[in-house]
Amino acid sequence: MPPGPPSAKPPPPAETPPAETPPAETPPAETPPAETPPAETPPAETPPPVPVPAPGFDPDEPPAVPSGKFGTPGRPLRRSSFLIGFTGALGVLLAYTLYLGIRNAGGILVLVVIALFLAVGLNPAVVRLRTWGVPHGLAVAVVALTVVLLLCGGIVALVPPIVTQSGQFIDQIPSLLDELRRNPTVNDLVERYDVVERVQGAANADTIGRALGGVLGGAQLIFGTVFRTLTVLVLTIYFLAYFNRLRSLGYALVPRSRRERAELIGDEILAKVGAYMVGALSIAVLAGATTFVFALIVGLPYPFALAVVVAVTDLIPQIGATLGAVIVSLVGFAADLPTGIACAVFFLIYQQIENYLIYPKVMRRSVEVNEVAALLAALLGVALLGVVGALIAIPTVAALQLILREVVLPRQERN
């Protein structure tokens, strides 16, 4: 049997080289083996910080930033020329409307200013009664009742003489006419200028209508004066009753960082106004009492009424004392010539004493206003608001002087 072909031997398997492993580094003996870090966990979602309300925060007030409740605010409007012009026109229209409102309500605003001025001047009396243990409501009632009694006393002193003198003049009209008719000079003038015919021609319907209009205008003036007086009285009582609340409300409008300084300056201004009122009333009462004694000495009619007139007019700075002196002197000249001359000399001497001794000493202690500034303020006050401006001129100058000294001048020195 022939030998078969030799069987093919399978090739030896390829030897794979052993993987080279780096030699293990032996850690140093002094360092411990490294610890495997724990598996990282995802960070928990931290809640948003809760805003802490600031001191004095009112939750009822609307937020200063959009809350997002009504959507995302859009982009601001472009500043087009039309938008700028329209906004400016609205501003001008609003300013003009405000001017018309102030002009139409000027009479009421003047009454409010007078009442507020009187309340500031009378508040020290309420405070003094409070220090004596009197309740606030009762103290306000006592001060208001005192003011009402003084007002009624002045009316009682002034009205009867006016009514009496008017009645006497009406009763004497027939006798005066008879005396004029018996005078040949008057008769000659009447015939020369046809006075009787002119009077008869003037006594027509138009003249009577104008006369009735004047009478109605006089009645309207009287009732208007009574209404304004009652309005000022009611407002003064209201301001006195709520004086502390109104003052606190005014200070609350000032930012908190400046409120303490504003309170100190405001209280000082109120104190100066109250001191001015007390000083002015003291000077007026002294002038009225002196006039009453002088009227009794020289025998003037209605001495108490003349004293009230002098005291009331003396409250008006600069011109009030002269006005009262003129009224009393005219009454003195109506009585007889020596009495009128005595009245003129008396008031000339008394005004010098008041202007150069009494008034400066009292006002220097109360309001500390320069004499030149007081004179200019009184003149400007009369030109702007009449008698009311003259009354509030000196306290206003005292307030402006305090603000200038404590606020404006130190700020200018720092800049």
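Note that this is a predicted model, so its numbers are computed, not measured.

### Points about the confidence of the model for the protein chain
Then comes step 1: This prediction gives the protein chain a mean pLDDT of 76; 69% of its residues lie at or above 70.
Then comes step 2: Confidence scores differ between elements of the protein chain, with helix α5 (residues 195–202) showing the lowest mean pLDDT of 59 and helix α7 (residues 243–252) the highest of 89.

### Observations concerning unusual backbone geometry
Then comes step 1: Here the phi dihedral of Tyr302 falls at roughly 55°; this positive angle occurs in a residue that is not glycine.
Then comes step 2: Relative to the helices and strands, Tyr302 is located in the loop between α8 (256–298) and α9 (303–314).

### Structural notes on the nonpolar core
Then comes step 1: Residues Phe117, Tyr276, Met363, Val367, Val369 and Ile394 are the most contacted members of the largest nonpolar core, which totals 18 residues.
Then comes step 2: At the level of secondary structure, the elements contributing two or more residues to this core comprise α2 (106–131), α8, α12 (371–385) and α13 (387–414).
Then comes step 3: The residues touching Ile394, leaving out its near neighbours within four places in the chain, are Tyr276, Pro317, Tyr359, Val367, Val369 and Ala374.

### What to know about a nonpolar patch on the surface
Then comes step 1: The grouping of Phe333, Leu337, Ile341, Val345, Leu348, Ile349, Ile353, Tyr356 and Leu357 at the surface amounts to a nonpolar patch, some 920 Å² of accessible area in total.
Then comes step 2: Per-element accounting of the nonpolar patch gives the leading share, eight residues, to helix α11 (residues 337–366).
Then comes step 3: Along the chain, the position of Val345 falls in helix α11.
Then comes step 4: Relative accessible area serves as the criterion here: at 44%, Val345 is assigned to the partly exposed category.

### Things to note about empty space enclosed by the protein
Then comes step 1: Taken as a whole and assessed by the stated rule, the structure comprises four cavities of 30 Å³ or more.
Then comes step 2: The space that makes up the largest cavity amounts to roughly 60 Å³.
Then comes step 3: In terms of lining, the largest cavity is formed by Tyr276, Ala280, Ile283, Ala284, Asp314, Leu315, Ile316, Pro317, Tyr359 and Met363.
Then comes step 4: Only α8 and α11 provide two or more residues apiece to the lining of the largest cavity.
Then comes step 5: Examining the composition of the lining of the largest cavity, we find that four residues originate from one element, α8, more than from any other.
Then comes step 6: Of the residues assigned to the lining of the largest cavity, the class counts are nine nonpolar, no polar and one charged.

### Some remarks on the packing of α2 against α13
Then comes step 1: One way to put it is that α2 packs onto α13 with a least axis distance of 11 Å and a crossing angle of 45°. Relative to α13, the element α2 is oriented oblique. Seen from above, α2 lies across α13 with left-handed handedness. Along the contact surface, α2 presents Val110, Val113, Ile114 and Phe117, while α13 presents Val388, Leu391, Ile392 and Pro395.
Then comes step 2: Of the residues that constitute the contact of α2 with α13, the class distribution is eight nonpolar, no polar and no charged.

### A word on the layout of surface pockets
Empty space among the atoms becomes visible once a probe the size of a water molecule is rolled across them.
Then comes step 1: One number sums up the size of the second largest pocket: a volume of about 600 Å³.
Then comes step 2: Lining of the second largest pocket is provided by 23 residues; of these, Leu116, Val120, Ile269, Leu270 and Val273 occupy positions nearest its centre.
Then comes step 3: Going through the elements one at a time, α2, α7, α8 and α13 are the ones with two or more residues in the lining of the second largest pocket.
Then comes step 4: Looking at the lining of the second largest pocket, its residues break down into 19 nonpolar, three polar and one charged.

### A word on a positive patch on the surface
Then comes step 1: A cluster of like positive charges, contributed by Arg258, Arg261, Arg411 and Arg414, occupies part of the molecular surface.
Then comes step 2: By the secondary structure assignment, Arg258 is in helix α8.

### Re the environment of Thr229
Then comes step 1: Position of Thr229 relative to the elements: it lies in helix α6 (residues 205–241).
Then comes step 2: Note on Thr229: relative accessible area 34%, which makes it partly exposed.
Then comes step 3: In the structure, Thr229 is positioned 114 residues away from Ala115 in sequence and 9.9 Å away in space, judged by C-alpha atoms.

### Section: the environment of Thr339
Then comes step 1: Following the sequence through the fold, Thr339 ends up in helix α11.
Then comes step 2: In sequence terms Thr339 and Ala295 are 44 residues apart; their C-alpha atoms lie 9.7 Å from each other.
Then comes step 3: Beyond its immediate sequence surroundings of up to four residues, Thr339 is in contact with Val298, Leu300 and Gly332.

### A few points about the packing of α2 against α8
Then comes step 1: Between α2 and α8, the shortest axis-to-axis distance is 8 Å and the interhelical angle comes to 85°. Of the possible angle classes, the one that applies to α2 and α8 is roughly perpendicular. Mapping the contact onto sequence places Phe117, Leu118, Val120, Gly121 and Pro124 in α2 and Leu270, Val273, Gly274, Tyr276 and Met277 in α8.

Calculation criteria
- Residues numbered from 1 in each chain as written.
- Predicted model: local features only at pLDDT ≥ 70, side-chain atom pairs only at ≥ 80, totals over all residues.
- Heavy atoms only, no water.
- pLDDT = per-residue confidence, 0-100.
- Helix = DSSP H or I, 4+ residues; strand = E, 2+ residues; numbered from the N terminus.
- Core = buried A, V, L, I, M, F, W, Y, C linked by side-chain atoms within 4.5 Å.
- Buried < 20%, exposed > 50% of the residue type's maximum accessible area, 1.4 Å probe, protein only.
- Contact = heavy atoms within 4.5 Å.
- Patch = residues over 30% accessible without salt bridge, like charges linked within 9 Å, V, L, I, M, F, W, Y side chains within 5 Å.
- Areas by Shrake-Rupley, 256 points an atom, 1.4 Å probe, with all protein chains shown as cover.
- Salt bridge = Lys/Arg side-chain N within 4 Å of Asp/Glu carboxyl O.
- 1 Å grid on protein atoms, 1.4 Å probe; cavity = no way out; pocket = protein on both sides within 12 Å on 5 of 7 lines; lining within 4 Å.
- Points joined across faces, edges and corners; volume = space filled by probe spheres on them.
- Nonpolar A, V, L, I, M, F, W, Y, C, P; charged D, E, K, R; others polar.
- Axes fitted to C-alpha atoms, helices over the stretch in contact; angles between N-to-C directions.
- Parallel < 35°, antiparallel > 145°, perpendicular 65-115°, else oblique.
- Left-handed = near helix turned anticlockwise from the far one by under 90°.
- Lys, Arg positive; Asp, Glu negative; His and termini not counted.
- Charge placed at Lys NZ, Arg CZ, Asp CG, Glu CD.

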